[in-house]
Amino acid sequence: MALSPQYVRDLSIKGEFATLTDGQIQNVIDRVVLLYLSLTPEDLYVPVVGLHTAHLLVKLGAGKVGANGPLSSAKVGPLEKKFAVGIVQPSDGLDATTPYGAECLRLLKSRLPAMRTSAP
């Protein structure tokens, strides 16, 4: 498997990354790669980086209008304003708030205990 923008697009069965350019996806990949260069077993590297990238893209609102939650609107006279409300939860990058983040955490947790060394 090769890590590429197309790999990240292929992770989505909804096609939520289809409208993003290769460059936009690659920018996120380039940041995520730095987190896993030496910490991830070779066989998990591509799936973990791909899932973490997809997770961040969803958190950034890729392919969605009102990505931060359901849309609401307010009308004052002839003017109407639509805005996202609600469910933004700050985090340090990887959490289980998206299916991609949950799967990435599951993969990491399944292998990391075996990689830890015992304390002297």
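Note that this is a predicted model, so its numbers are computed, not measured. (Residues numbered from 1 in each chain as written. Predicted model: local features only at pLDDT ≥ 70, side-chain atom pairs only at ≥ 80, totals over all residues. Heavy atoms only, no water.)

Colleague: Describe in detail the nonpolar core, supporting the description with residues and values.
Modeller: Note on soluble globular proteins: their nonpolar side chains tend to be buried together. Ranked by internal contacts, the top residues of the largest apolar core, which has 22 residues, are Val8, Phe17, Ile25, Tyr36, Val48, Leu57 and Cys104. Elements supplying a minimum of two residues to this core: helix 2 (22-36), helix 3 (42-59) and helix 4 (99-115). Looking at which element gives the most residues to this core, the answer is helix 3, with 7 residues. Sequence-distant contacts of phenylalanine 17, that is, excluding residues within four places in its chain, are made with Val8, Arg9, Ser12, Ile25, Ala54, Leu57, Val58, Ala62 and Tyr100. (Core = buried A, V, L, I, M, F, W, Y, C linked by side-chain atoms within 4.5 Å. Buried < 20%, exposed > 50% of the residue type's maximum accessible area, 1.4 Å probe, protein only. Helix = DSSP H or I, 4+ residues; strand = E, 2+ residues; numbered from the N terminus. Contact = heavy atoms within 4.5 Å.)

Colleague: Tell me about the pattern of salt bridges, residues and numbers included.
Modeller: As enumerated under the stated definition, the model contains 3 salt bridges in all. One salt bridge connects aspartate 22 with arginine 9, and the closest N-O pair in it is separated by 2.7 Å. In this pair, aspartate 22 is assigned in helix 2 and arginine 9 in helix 1 (residues 5-11), connecting sequence segments 13 residues apart. The exposure class assigned to aspartate 22 is partly exposed, which follows from its relative accessible area of 46%. Look at arginine 9 and you get buried, because its relative accessible area is 16%. (Salt bridge = Lys/Arg side-chain N within 4 Å of Asp/Glu carboxyl O.)

Colleague: Can you lay out the packing of aromatic side chains for me, pointing to particular residues and giving the numbers?
Modeller: Applying the stated criterion to the full structure yields 1 aromatic pair. Ring geometry for phenylalanine 17 versus tyrosine 100: centroids 5.7 Å apart, planes at 45°, classification tilted. Here the residue phenylalanine 17 occupies a position in the loop between helix 1 and helix 2, and tyrosine 100 occupies one in helix 4, the gap between them amounting to 83 residues. Judged on exposure class, the residue phenylalanine 17 and its partner tyrosine 100 are both buried. (Phe/Tyr/Trp six-rings, centres within 6.5 Å; stacked < 30°, edge-to-face > 60°.)

Colleague: Explain the confidence of the model for the chain residue by residue, including any values.
Modeller: Predicted coordinates in areas of low pLDDT are best not read in detail. Mean pLDDT over the chain stands at 78; residues scoring 70 or higher make up 66%. Summarising per-element confidence for the chain, the mean pLDDT is lowest in strand 1 (residues 71-76) (52) and highest in helix 1 (97). Under a pLDDT of 50 for its full length, residues 84-88 has, in the predicted model, 13 contacts with residues more than four places off or in other chains. (pLDDT = per-residue confidence, 0-100.)

Colleague: Any chance you could break down the side chain of serine 12 for me, citing the residues and the numbers?
Modeller: Topologically, serine 12 is positioned in the loop between helix 1 and helix 2. Overall, serine 12 belongs to the buried group, its relative accessible area being 10%. Non-local contacts of serine 12, meaning those with residues more than four positions away in its chain, are made with Phe17 and Tyr100.

Colleague: Which residues make up helix 3, and what values do they have?
Modeller: Counted at 1.5 Å a residue, the expected span for helix 3 with its 18 residues is 26 Å, and the 26 Å between its end C-alpha atoms agrees. Just downstream of helix 3 lies glycine 61, where phi reads positive at about 95°. (Expected span 1.5 Å × (residues − 1).)

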